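# Topology and contacts: notes
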Amino acid sequence: MTYKETLNWMFSQLPMYQQKGPSAYNAKLSTSYALAEHLNYPQKKFKSIHVAGTNGKGSSSHMLASILQEAGYKVGLYTSPHLKDFRERIKINGVSISEEAVSAFIDENKSYLETNRLSFFEMTVGMAFDYFAKQEVDIAIIEVGLGGRLDSTNIIIPEISLITNIGLDHQDLLGNTLEKIAYEKAGIIKEGVPVVVSEYQEEVASVFKEITSEKKTTLTFASEKEYRKYKLPLQGNYQEKNIKGVLEVISQLSSFNIQESDIVKGLSNVIKNTGLLGRWQILAKKPLTICDTAHNKEGLSLVLSQVGQQEFRELHMVIGFVKEKDLDGILPLFPKKAIYYFCKPQVPRGLDVEILKEKAGFYNLLGESYSSAKKAYEAAMQRADPEDLIFIGGSTFTVSDVL
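Residues numbered from 1 in each chain as written. Predicted model: local features only at pLDDT ≥ 70, side-chain atom pairs only at ≥ 80, totals over all residues. Heavy atoms only, no water.

## Quick look at the pairing of strand 9 (residues 281-285)
As a reminder, the rule being used: Two strands pair if DSSP finds at least two bridges between them. Helical segments are the DSSP runs of H or I of at least four residues, strand segments are the runs of E of at least two, and each set is numbered from the N terminus.
The pairing of strand 9 with strand 10 (residues 288-291) spans four bridges and is classified as antiparallel. Across the sheet, A284 pairs through a bridge with T289, a residue of strand 10. Hairpin connection from strand 9 to strand 10: two residues lie between these consecutive antiparallel strands.

Right, here's the structure in full:
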């Protein structure tokens, strides 16, 4: 199959969480272990760092990869979802897996994948692990897809596990309290494998303490420690929380030779080294246009606080959400003094724009509806003056539609 045919087959074969939402969630690890056996256990052929958390796991994964690259290592990076191209999910030293390698993996394993009815995410994780093993990476940064305990990535035994923070997201799958969600994230903790938690949160700290004690391993809350300040091109204020966890992981990665200069260069070159997109990304200067993939209450509260700190004449908000979001928890965070451009992300999970517009009206968020994020963005650009600010967000897919 060609690359395009391969992707079409993967996307249509079985539900894909990115497109379908909760119906695509496969809450068991048996098929992931079986696929690993079929592929001759690729996850055992490279060292890894496992990264979970409600917010910040993508940024943290990219920072870790960039630092290790600067230290001279061959570094795999597995993240999800992708913004523009499926191949963004699987990279080595910032270079995406080739179209040929994607097609070859599916061609070679298509019969097995069909017979065993693997989910899109399960086959993608298998592809990543197989690729990293064959390319003989020195280490791979593996970002959890959803949760942790039952996530397809949770068949690795990493050098260290990083959990960024716990917030209310995907409650329909992970539980409706912070403690239940923390338990699912803590499912990546392995016997004897050190654990770093980026943010100490009183409500869930006991969960991590209890499980690390059971697993006879160490636990460090990075936010409780002081670290040197570093220059970072990622301009979201929330990165200050993420960077502490990253620095603590690097400090504990004793089997790798990482110098201070590698940390400095790795952090300052993180976008160049890894191609990270959509984190307080500035798309234009006049008017100042910013997009951010924050999509839950905790993430959006930080991003919208930073929006409010900017200088502008008028604020234009291009927003769209997916269906399962708790709008009553999220919409009150948005500023009332703004012009809104409501849209529907171009995925089946996208929330109907008229439902969004009506719901937003209850919170005095007023504006017009548009059939796509691109059209909403174009309308905002036409209306905005050079001294204004345009923000695009609410969903990863709203951002991906305009990039």
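Moving on from the coordinates now.
## Details of the sheet that holds strand 12 (residues 339-342)
Two strands in a sheet stick together by hydrogen bonds in their backbones, pointing the same way (parallel) or opposite ways (antiparallel). Inclusion rule: Fitted lines through C-alpha atoms give the axes, limited to the stretch in contact for helices. The angle between two N-to-C directions lies from 0 to 180 degrees. In this description, contact between two residues means that some pair of their heavy atoms is separated by no more than 4.5 Å.
Read from one edge of the open sheet, six strands run 9-10-14-11-12-13, paired in mixed fashion. The open sheet has two edge strands with one neighbour each: strand 9 and strand 13 (367-369). Recorded for the sheet is a direction-independent mean angle of 15 degrees between the axes of neighbouring strands. Bridging between strand 11 (residues 315-319) and strand 14 (residues 389-393) involves five bridges; their strand directions are parallel. The residue of strand 14 that forms the bridge with V318 is I392. Helix 13 (residues 297-309) contacts strand 11 and strand 14 of the sheet and is inclined by roughly 170 degrees relative to strand 14. Along the sheet, helix 15 (residues 353-362) contacts strand 11, strand 12 and strand 13; its crossing angle with strand 13, the most-contacted strand, is approximately 165 degrees.

## Section: the packing of aromatic side chains
The following threshold applies: The criterion for an aromatic pair is that two Phe, Tyr or Trp rings (for Trp, the six-membered ring) have centres within 6.5 Å, with stacked assigned to planes under 30 degrees apart, edge-to-face to planes over 60 apart and tilted to the rest. Partly exposed residues are those whose accessible area sits between 20% and 50% of the maximum for their type, while under 20% is buried and over 50% is exposed, using a 1.4 Å probe and protein chains only.
Evaluation of the coordinates by the stated rule reveals twelve aromatic pairs. On the basis of an interplanar angle of 10 degrees and a centroid distance of 5.7 Å, the ring pair of Y340 and F342 is categorised as stacked. By relative accessible area, which is 0% here, F342 ends up buried. Each residue in the set F46, F129, Y131 and F132 is aromatic and connected to the rest through ring pairs, giving one cluster.

## Looking at the confidence of the model for the protein chain
This is how it is decided: Each residue carries a pLDDT value, the predictor's own confidence for that position, ranging from 0 to 100.
Of the residues in the protein chain, 94% reach a pLDDT of 70 or more, and the chain-wide mean stands at 93. Low confidence marks residues 17-25, where pLDDT is under 50. Its contacts with residues over four positions away, or in another chain, come to 31 contacts.

## Topic: the state of the cysteines
Rules: Note on terminology: pairs of cysteine sulfur atoms within 2.5 Å are recorded as disulfides.
Inspection of every chain in the model, using the stated rule, returns zero disulfides. Cysteine C291 shares no disulfide, and the gap to the nearest cysteine sulfur, in C343, comes to 13 Å. Take C343: its relative accessible area is 0%, and that puts it in the buried class.

## A word on the sheet that holds strand 4 (residues 95-96)
Across the sheet, which stays open at both edges, the eight strands sit in the order 4-3-2-5-1-6-7-8 with mixed pairing between neighbours. Because the sheet does not close on itself, it has two edges, and the strands there are strand 4 and strand 8 (219-221). For strand 7 (residues 195-197) and strand 8, the ladder comprises three bridges, and the chain directions are parallel. By the bridge assignment for strand 8, V197 is matched with F221.

## Some remarks on the environment of M10
One can find M10 in helix 1 (residues 3-13). For M10, a relative accessible area of 0% translates into the label buried. Leave out the neighbours within four places in its chain, and M10 touches F86, V102, I106, F120, M123, T124 and M127.

## Thoughts on the side chain of K190
To keep things clear, this is the line we draw: Counted as positive: Lys and Arg. Counted as negative: Asp and Glu, with His and the chain ends omitted from the count. Should a side-chain nitrogen of Lys or Arg be within 4 Å of a carboxyl oxygen of Asp or Glu, the pair is scored as a salt bridge.
On the secondary structure map, K190 appears in the loop between helix 8 (178-185) and strand 7. As a buried residue without a salt bridge, K190 has its nearest oppositely charged side chain in D151, at a separation of 9.4 Å. The residues contacting K190, other than those within four sequence positions of it, are H50, N154, I156, I157, P158, K215 and T217.

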